[in-house]
Amino acid sequence: MKLGPVVRASGRALSTAAGRQQRRALAAETADQDQVTRKNFADVQRERKEQAKNSVLISCPSKINEKKFLKHLSRHGEVANHFFFDSHGVHALVEFVNTESIISLLSATKVPDNEDTCVLPFKSRFIKVKSQELDLHHVKCTPQTSVSINQLLKKLSGAKNIVDQAHIILDELQLTEESIRVRYLVSSLVSDIATAYFPEATVHLYGSSVNSFGKMGCDLDLFLNLDSLKDVSGKPASSFVTEYWMRQVSSGRVAQQKVLSVIGECIESFGPGCTEVHKILSARCPLVRFYHQSAGLHCDLTADNEIALRTSELLYIFGNIDSRVRPLVFTLRCWARVHGITSSVSGHWITNFSLTTMILFFLQKRNSPVIPTLDQLKNLAGKNDKRIIEDNDCTFVSDLSKIKPLENTEPLDTLLIEFMEFYGTFDFSKNCIDIRKGVEKNKPDSSPLYIQNPFEQSLNISKNVNKCQLERFVHLVQEGSWTLQKQASQPLEKGKEHWGLASILFPTDSDGLFRSKKRLDANRLGSILDSLKVSNNNRKTTTQKQ
Ligand code: CTP
Ligand code: MG
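Residues numbered from 1 in each chain as written. Chains lettered and ligands numbered in written order. Predicted model: local features only at pLDDT ≥ 70, side-chain atom pairs only at ≥ 80, totals over all residues. Heavy atoms only, no water.

Draft legend 1. Molecular detail of the overall build of the chain. Counting secondary structure elements, the chain contains 17 helices and 14 strands. Going through the 546 residues of the chain one by one, you find that 53% of them count as buried. Sequence-distant contacts, at least 24 apart, represent 69% of the contacts inside the chain between residues at least 6 apart. On the chain, roughly 26000 Å² of surface is accessible, and the fraction owed to carbon and sulfur atoms is 51%. (Helix = DSSP H or I, 4+ residues; strand = E, 2+ residues; numbered from the N terminus. Buried < 20%, exposed > 50% of the residue type's maximum accessible area, 1.4 Å probe, protein only. Contact = heavy atoms within 4.5 Å. Areas by Shrake-Rupley, 256 points an atom, 1.4 Å probe, with all protein chains shown as cover.)

As structure tokens, then:
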């Protein structure tokens, strides 16, 4: 079931291949019609979190009788939703209609008595089926990875045109409904651990899992919000102060480090399914990194990162106000990954976040803009949208219906070529990219690529990028623009395997051979595309959230 980053407001699940094709065709034909959600970010978060609270994760044997499984569960209450997926073994995500069902299920769950080991006394919503009890039948697992290279190639070659191809890339790479549910459930399980220690804490998802640009396999960015505690301490309520109720430390950063250290310890000790827990507390933005093996997700947990949540909402708005934005971003992210412009390892590469911001800036810079600037979104803000976080003005409109569509009707393929043209000739030596104003400004320092953080305006989100990586990017956009323009001027050759977007994703020379000094073979292409997929073991080892 591929539904995009949220359940579409108007749409029912188009789960079949035919359904997907139909939706794509519709999107291609009605290019700018409403293929995006109209739900506000906060509403989506609320709904998803509720769903997750009513859900459990169940480790299953590889063969299980689905009917009997559901019958067992229904003794505890009505099941609203369920699906099976494979991540280090078969698992089921089961959502109940009522939370009481979970309490009932957990209270009926036996702690295993194993003579050799002792259990740590923490009950979570991650349980296991006793295999003897249910008949053995294979269940259908929903995929948690994106398509293979061969499948993607085949799908692209069967498309009608470049716009159709971009929609195929979006459909194949974006997060599925199931993957989104698994992400919110993991966040909810982490919240159970955090609130056991800090009852006032809340855990939020941010980054690509929620900003409408997440692709299958992207990391799960979480942050722990302890602001409610601060609010309590700020109240002049009674004749008591919190001196010995709350310990005082020298700075917010030290407080974050202490809290994350404790939570990291808890995740390691009590977090079922959590492995490879690393506390990276000395990073600019301290974090706990771990792998949720049963969900197959790499997770980064930070503390008090509210600005990043606000940034995610801003990106979500940009992704949902015009139906061309997401296919364009997914296509360019895919292109960037194939060419090693972006990487799963942190370093001097352009990040997905930076690349997305560059695309948004380009869309604001069209003669007739495709999307508004952040300042324009701020002007549309109502009273409840006002947000000042750490002295930074993070105000912008949240209600998508207040944002009227702009007049630009350029087709997606034109925008793609124009993006490449734009950055092929952009004066990076002088100019800085700013999506708040939507105009170039003089660079405040000599960083090769300067993209101003829209909220913390003294920060450059691409500070990590070096000259060499920027030059590669410029060279590749120039080459991509040339290739696409050549394609556009030639009639489409029926039956030709690599045309349109395939020609920039898998470059070929005029003889139809893969172009490379070594000549890229199918295996190499396979390994490149594999790196786009979920099972990404080559994780970044340090972090640089600035
Ligand atoms: N972020 C930021 N400034 C940076 C890096 C990150 O504000 N220099 C915030 C952004 O809101 C970003 C989020 O942290 O979306 C998560 O960062 P990251 O995981 O690097 O990017 P994603 O957008 O999640 O993209 P990816 O799919 O590559 O994880
Ligand atoms: Mg991320």
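Draft legend 2. Region of interest: the environment of Gly 264. Examined against the element boundaries, Gly 264 turns out to sit in helix H9 (residues 252-270). The sequence separation of Gly 264 and Val 277 amounts to 13 residues, and the corresponding C-alpha distance is 7.0 Å. Excluding residues that lie within four positions of it along the chain, Gly 264 makes contacts with Val 277, Lys 279 and Val 288.

Draft legend 3. Layout of the coordination of the magnesium ion (ligand 2). Taken together, Asp 219 (OD) and Asp 221 (OD) make up the protein donors of the magnesium ion (ligand 2), found 2.1 Å from the metal. For Asp 219, a relative accessible area of 11% puts it in the buried group. For Asp 221, a relative accessible area of 6% gives the class buried. (Donors = N, O, S within 2.8 Å, 3.2 Å for Na, K, Ca; no water.)

Draft legend 4. Representation of the sheet that holds strand S7 (residues 220-225) within the structure. The mixed open sheet is built from 5 strands, whose spatial order is S6-S7-S10-S9-S8. Two strands lie at the open edges of the sheet, namely strand S6 (202-206) and strand S8 (274-280), each paired on one side alone. Going from strand to strand, the sheet's axes swing by 25° on average, the running direction of each strand aside. Both S8 and strand S9 (residues 287-292) contribute to a ladder of 5 bridges, which runs antiparallel. Residue pairing for S9: Thr 275 is matched across the bridge by Tyr 291. (Pairing = 2+ DSSP bridges. Axes fitted to C-alpha atoms, helices over the stretch in contact; angles between N-to-C directions.)

Draft legend 5. Representation of helix H4 (residues 99-107) within the structure. Here H4 has its buried residues at Ser 101, Ile 102, Leu 105 and Leu 106. Around the axis of H4, the buried residues are gathered within 130° of arc, so they sit on the same side. Relative to its buried face, H4 has exposed residues pointing more than 90 degrees away, namely Glu 100, Ile 103 and Ser 107. (Arc of directions from axis to C-beta.)

Draft legend 6. Expanded view of the pattern of salt bridges. The tally for this structure, following the rule as stated, stands at 21 salt bridges. Close ionic contact of Glu 313 with Arg 310 constitutes a salt bridge, the shortest N to O distance being 3.1 Å. With a gap of 3 residues between them, Glu 313 and Arg 310 both fall in helix H10 (residues 306-321), about one helical turn apart. Residue Glu 313 is classed as buried on the basis of its relative accessible area, which comes to 8%. The shortest N-O distance in the salt bridge between Lys 437 and Asp 375 comes to 2.5 Å. Of this pair, Lys 437 sits in the loop between strand S13 (431-432) and strand S14 (441-442) while Asp 375 sits in helix H13 (residues 374-379), placing them 62 residues apart in sequence. Beyond isolated ion pairs, a larger network of salt bridges with shared partners links Arg 48, Glu 95, Glu 177 and Arg 181. (Salt bridge = Lys/Arg side-chain N within 4 Å of Asp/Glu carboxyl O.)

Draft legend 7. Region of interest: the environment of Ile 127. Counting through the fold element by element, Ile 127 comes out in strand S4 (residues 126-128). For the pair formed by Ile 127 and Glu 410, sequence separation is 283 residues and the distance between their alpha carbons is 51 Å. Those residues within four positions of Ile 127 in sequence are excluded, and the remaining contacts are Leu 57, Ile 58, Ser 59, Leu 105, Leu 106 and Thr 109.

Draft legend 8. Just the packing of aromatic side chains, in detail. By the definition in use, this model includes 19 aromatic pairs. Ring plane angle 55° and centroid distance 4.8 Å describe the contact between Phe 426 and Phe 428, whose orientation is recorded as tilted. Among the residues examined, Phe 428 registers a relative accessible area of 7% and is labelled buried. Grouping aromatic residues by their ring pairs yields a cluster made of Trp 335, Phe 361, Phe 362, Phe 419, Phe 422, Tyr 423, Phe 426, Phe 428 and Phe 473. (Phe/Tyr/Trp six-rings, centres within 6.5 Å; stacked < 30°, edge-to-face > 60°.)

Draft legend 9. Region of interest: the packing of helix H2 (residues 41-53) against helix H7 (residues 177-197). As a packed pair, H2 and H7 sit with axes 8 Å apart at the nearest point and diverge in direction by 75°. In terms of their interaxial angle, H2 and H7 are classed as roughly perpendicular. Contacts between H2 and H7 involve Gln 45, Arg 48, Lys 49, Gln 51, Ala 52 and Lys 53 from the first element and Glu 177, Ile 180, Arg 181, Tyr 184, Leu 185 and Ser 188 from the second. Among the residues making up the contact of H2 with H7, the classes are represented as 4 nonpolar, 3 polar and 5 charged. (Parallel < 35°, antiparallel > 145°, perpendicular 65-115°, else oblique. Nonpolar A, V, L, I, M, F, W, Y, C, P; charged D, E, K, R; others polar.)

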